[in-house]
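A structural walkthrough
These are the residues of each chain, in order.
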Amino acid sequence: MTEHFHESLRSLRVWDTELPAFDPDTAPAAPLPLFHTWFTAAADAGQTEPHTMALATVDADGRPDVRTVMLHDADERGWHFASHSTSAKGRQLAATPHAAVHFYWPVQGRQVRVRGRVTLAPAEEAYADLHARTTGALAAALVGRQSEVLDSLATLAEAGEAAWARAEAEPDADVQTWTLYVLDPDEVEFFQGDARRRHVRLRYRRQRTASWERDLLWP
């Protein structure tokens with residue numbers, strides 16, 4: 001099994017596709033318009049789930065933690081995502097309100113990294129966010145208990161059935177712990193892969209004047 005793993009690992013290739021060109025000299029003065037452009041380009045190119053992103057936080061001991069979450073919006077306030085305030089990520093963000101997110105769109109050989117401070121959106125926005133989603137999303141939120149120890153899959157199935165029934169019967173049900181987070185960036189990096197490994201990395205860093213400084217980075 002180990003040998004097969006290594007054979008598989010060594011046989012893999014990346015970006016088996018024609019990569020788009022990226023001229024950083026044409027990039028906008030702020031990162032958000034470029035993110036919108038790259039996001040829609042990835043979706044139009046057939047990237048599976050381009051709205052998924054890795055979210056990194058730190059625990060009470062300063063140890064990093066990462067998981068995949070969904071992007072709910074990206075606007076002038078920052079990059080939006082949601083979770084229960086009682087979850088592991090929610091507790092970590094309450095203690096250390098800084099995070100990083102990472103998007104990877106291999107169909108175009110592109111990555112976007114965002115770092116900054118995380119704030120809470122108003123409760124009414126969190127409510128609207130939850131109820132703009134599917135019945136299944138509401139049911140999952142109603143189950144709650146995210147990151148708690150689960151004794152069996154049977155218990156999960158029972159709780160899920162009850163939550164689904166409530167979500168259908170009470171589509172306006174509120175979930176007090178459901179929280180909409182906004183990552184206000186102080187640094188955003190755009191990475192464009194190149195078949196000859198001459199990758200283009202463009203970093204935006206927010207200045208005290210609220211403007212953005214742009215730098216090219218060695219790959």
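The rules behind these values
Residues numbered from 1 in each chain as written. Predicted model: local features only at pLDDT ≥ 70, side-chain atom pairs only at ≥ 80, totals over all residues. Heavy atoms only, no water. Patch = residues over 30% accessible without salt bridge, like charges linked within 9 Å, V, L, I, M, F, W, Y side chains within 5 Å. Areas by Shrake-Rupley, 256 points an atom, 1.4 Å probe, with all protein chains shown as cover. Salt bridge = Lys/Arg side-chain N within 4 Å of Asp/Glu carboxyl O. Helix = DSSP H or I, 4+ residues; strand = E, 2+ residues; numbered from the N terminus. Contact = heavy atoms within 4.5 Å. Phe/Tyr/Trp six-rings, centres within 6.5 Å; stacked < 30°, edge-to-face > 60°. Buried < 20%, exposed > 50% of the residue type's maximum accessible area, 1.4 Å probe, protein only. Lys NZ or Arg CZ within 6 Å of the ring centre and 35° of its normal. Arc of directions from axis to C-beta. Pairing = 2+ DSSP bridges. Axes fitted to C-alpha atoms, helices over the stretch in contact; angles between N-to-C directions. Parallel < 35°, antiparallel > 145°, perpendicular 65-115°, else oblique. Left-handed = near helix turned anticlockwise from the far one by under 90°. Nonpolar A, V, L, I, M, F, W, Y, C, P; charged D, E, K, R; others polar.

1. A look at a nonpolar patch on the surface
A cluster of nonpolar side chains, namely Phe5, Leu9 and Leu12, defines an oily patch on the protein surface of about 320 Å² accessible area. Within the secondary structure layout, Phe5 lies in helix H1 (residues 2-11).

2. Here's the deal with the environment of Val114
As for its placement among the helices and strands, Val114 is situated in strand S6 (residues 110-120). The spatial distance from the C-alpha of Val114 to the C-alpha of Trp79 is 8.5 Å, given a sequence separation of 35 residues. The residues touching Val114, leaving out its near neighbours within four places in the chain, are Trp79, Ala99, Ala100, Val101, Leu183, Pro185, Glu187 and Val188.

3. Thoughts on the packing of aromatic side chains
Applying the stated rule across the entire model yields twelve aromatic pairs. With a centroid separation of 5.6 Å and 45 degrees between ring planes, the pair formed by Phe103 and Trp105 is classed as tilted. Judged on exposure class, the residue Phe103 and its partner Trp105 are both buried. Clustering of aromatic rings is evident, with ring pairs tying together Phe22, Trp38, Phe190, Tyr204 and Trp212. It is Arg110 that lies over the ring of Trp38; its NZ or CZ is 4.1 Å from the centre.

4. Some points on helix H4 (residues 123-131)
Along an α-helix, residues three or four apart share an orientation, since each turn contains 3.6 residues. Taken as a whole, H4 has its buried residues at Ala126, Asp129 and Leu130. Seen along its axis, H4 keeps its buried residues to an arc of 95 degrees; they face one direction. As for H4, its buried residues are in contact with strand S4 (78-84), helix H5 (135-143) and strand S7 (178-192).

5. Remarks on the pairing of strand S2 (residues 64-70)
With seven bridges connecting them, strand S1 (residues 52-58) and S2 associate as antiparallel partners. Bridged to Ala56 within S2 is Val66. In textbook terms, the turn of a hairpin is the stretch between consecutive antiparallel strands, and for S1 and S2 this stretch comprises five residues, one of which, Gly62, has a positive phi near 80 degrees.

6. A look at the pattern of salt bridges
When their charged atoms lie close together, side chains carrying opposite charge are able to pair. What the rule picks out here adds up to 14 salt bridges. Taking the shortest distance from any N to any O, the salt bridge between Arg205 and Glu213 comes out at 2.9 Å. Judged by its relative accessible area of 31%, Glu213 is partly exposed. One salt-bridge network, held together by shared partners, links Arg203, Arg205, Glu213 and Asp215.

7. Remarks on the packing of H5 against helix H6 (residues 153-169)
Between H5 and H6, whose axes approach to 8 Å, the crossing angle comes to 125 degrees. Looking at the two axes, H5 sits oblique to H6. Along this stretch, H5 crosses H6, giving a crossing that reads as right-handed. The residues of H6 that touch H5, namely those facing Thr135, Gly136, Leu138, Ala139, Leu142 and Val143, are Ala159, Gly160, Ala163, Trp164, Arg166, Ala167 and Glu168. Within the contact of H5 with H6, the residues separate by chemical class into eight nonpolar, three polar and two charged.

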